[in-house]
Amino acid sequence: MIDKSQASLAEALSQIQDGSTIMIGGFGTAGQPAELIDGLIELGIKDLVIVNNNAGNGDYGLAKLLKTGAVRKIICSFPRQSDSWVFDELYHAGKIELELVPQGNLACRIQAAGMGLGAVFTPTGFGTLLAEDKETRHIEGKDYVLEYPIKADFALIKAYKGDRWGNLVFNKSARNFGPIMAMAADVTIAQVSEVVELGQLDPEHIITPGIFVQHVVAVEATSPVAAQ
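Conventions and cut-offs
- Residues numbered from 1 in each chain as written.
- Predicted model: local features only at pLDDT ≥ 70, side-chain atom pairs only at ≥ 80, totals over all residues.
- Heavy atoms only, no water.
- UniProt positions renumbered as here; feature names shortened; annotations may be inferred.
- Helix = DSSP H or I, 4+ residues; strand = E, 2+ residues; numbered from the N terminus.
- Rg over C-alpha atoms; globule rule 2.2 N^0.38 Å.
- Contact = heavy atoms within 4.5 Å.
- Lys, Arg positive; Asp, Glu negative; His and termini not counted.
- Charge placed at Lys NZ, Arg CZ, Asp CG, Glu CD.
- Expected span 1.5 Å × (residues − 1).
- Buried < 20%, exposed > 50% of the residue type's maximum accessible area, 1.4 Å probe, protein only.
- Disulfide = S-S within 2.5 Å.
- Phe/Tyr/Trp six-rings, centres within 6.5 Å; stacked < 30°, edge-to-face > 60°.
- Core = buried A, V, L, I, M, F, W, Y, C linked by side-chain atoms within 4.5 Å.
- Salt bridge = Lys/Arg side-chain N within 4 Å of Asp/Glu carboxyl O.

- For the chain, the name recorded in an unreviewed UniProt entry is 3-oxoadipate CoA-transferase subunit A, with Acinetobacter modestus as its organism.
- In UniProt, the chain has this text filed under Sequence similarities (unreviewed entry): "Belongs to the 3-oxoacid CoA-transferase subunit A family."

Here's what the structure looks like:
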């Protein structure tokens, strides 16, 4: 019997080791798997490479992980905003490496990994510092930059509900990067508000099929922000 549900966060996260590359879903705090991040912090692992849309908000979730010093490098689109003081302090102190990727390119490169593509040509970034030392090509009157897929050892994502096969449905915009990150990682761990019985999820509403998910754990939101 296929049963991907886990009894605890610690059990779901137990495979993650030092030096892992981890994709973390969320657009800011919307859809951010805060409880999985807290569980990751409790593991005490180090030297992580994190892929996320931004670099944390306030002292919550991803920012809380950065503050522990566990992250060696972050790949993201929006490292700086009004409440990114944790990242700012680490970056200016030379304690974290940044790879800046335009948001469309970030999504495209993650999708490329999930689809098994070798690389993609994109116009975004052409003629800027972001294209420095990268292959470029002129195609049908337009200039493009060659970008390589972004893969990960693990993806930590948040969904609304899941079943024991790993099928997931999402809550509106909290869906954001979750589905494509699930496709681009070797192991996807999804936190959900509820693990339901098989057949209770409307097949037409399932966004991420269980083939892309290895572990599902039901958690109770610890804050109003986490409930998004």
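Let's talk about the overall build of the chain
- Broken down by element type, the chain carries 6 helices and 14 strands.
- For 228 residues, the compact-globule estimate of 2.2 N^0.38 gives 17 Å, and the C-alpha radius of gyration of the chain, at 18 Å, lies within 12% of that figure.
- Here the analysis covers contacts within the chain between residues at least 6 apart in sequence; of these, 75% occur between residues at least 24 apart.
- Charged side chains of the chain number 18 positive and 27 negative; the gap between the two group centres comes to 2 Å.

Comments concerning helix H5 (residues 103-115)
- Between its terminal C-alpha atoms H5 stretches 18 Å, which fits the 18 Å expected from 13 residues at 1.5 Å a residue.
- Listing the buried residues of H5 in full gives Asn-105, Leu-106, Ala-107, Arg-109, Ile-110, Ala-112 and Ala-113.
- Gly-116 occupies a position one or two residues after H5 and carries a positive phi of about 80°.

Some thoughts on the environment of Gly-61
- When you line up the elements, Gly-61 lands in the loop between strand S3 (48-51) and helix H3 (62-67).
- Given a relative accessible area of 2%, Gly-61 falls into the buried group.
- Each C-alpha atom, one on Gly-61 and one on Arg-80, is 16 Å from the other, the two residues being 19 residues apart in sequence.
- Leaving out residues up to four positions away in the same chain, Gly-61 has contacts with Gln-32 and Ile-37.

Focus: the state of the cysteines
- One pass over the structure, following the stated rule, counts 0 disulfides.
- Cys-76 carries a free sulfur, and the closest cysteine sulfur to it, the one in Cys-108, is 17 Å from it.
- In this structure Cys-108 comes out as partly exposed when scored by relative accessible area, which is 27%.

Points about the packing of aromatic side chains
- All told, the structure shown has 1 aromatic pair when counted by the stated rule.
- Judged by centre distance (5.5 Å) and plane angle (20°), the rings of Phe-87 and Tyr-91 are stacked. One end of the pair, Phe-87, and the other, Tyr-91, are both in helix H4 (residues 85-92), 4 residues apart, so they sit about a helical turn from each other.
- A relative accessible area of 2% means that Phe-87 is categorised as buried.
- The exposure class assigned to Tyr-91 is partly exposed, which follows from its relative accessible area of 40%.

Examining H4
- For H4, the full list of buried residues reads Val-86, Phe-87, Asp-88 and Leu-90.
- Against H3, strand S4 (71-76) and strand S5 (97-100) lie the buried residues of H4.
- Two residues or fewer after H4 comes Gly-94, characterised by a positive phi angle close to 70°.

With respect to unusual backbone geometry
- Even without being glycine, Asp-133 reaches a positive phi, approximately 65°.
- As for its placement among the helices and strands, Asp-133 is situated in the loop between strand S6 (120-122) and strand S7 (136-139).
- Residue Asp-133 is classed as exposed on the basis of its relative accessible area, which comes to 79%.
- Even without glycine at this site, Lys-172 takes up a positive phi of about 50°.
- Mapped onto the fold, Lys-172 is located in the loop between strand S11 (168-169) and helix H6 (178-184).

As for the nonpolar core
- If you look at the biggest cluster of nonpolar residues, it comprises 30 residues, and the most contacted ones within it are Ile-16, Ile-22, Ile-50, Leu-65 and Ile-189.
- The greatest single-element share of this core, amounting to 4 residues, is contributed by H3.
- Once residues lying within four places of it in the same chain are set aside, the contact partners of Ile-50 are Ile-22, Ile-24, Leu-62, Leu-65, Val-71, Lys-73, Ile-74 and Ile-75.
- Counting residues in hydrophobic clusters, the runner-up holds 26 residues, among them Ile-150, Ala-152, Ala-155 and Ile-157.

Re the pattern of salt bridges
- Throughout the structure, instances matching the rule amount to 11 salt bridges.
- Where Asp-88 meets Arg-80, a salt bridge forms, and the shortest distance between an N and an O atom there is 3.4 Å.
- Looking at Asp-88, the relative accessible area reads 15%, which means it is buried.
- The partner of Arg-109 in a salt bridge is Glu-99, with the nearest N and O atoms 3.4 Å apart. Placement of Arg-109 in helix H5 and of Glu-99 in strand S5 is noted, with a sequence separation of 10 residues between them.

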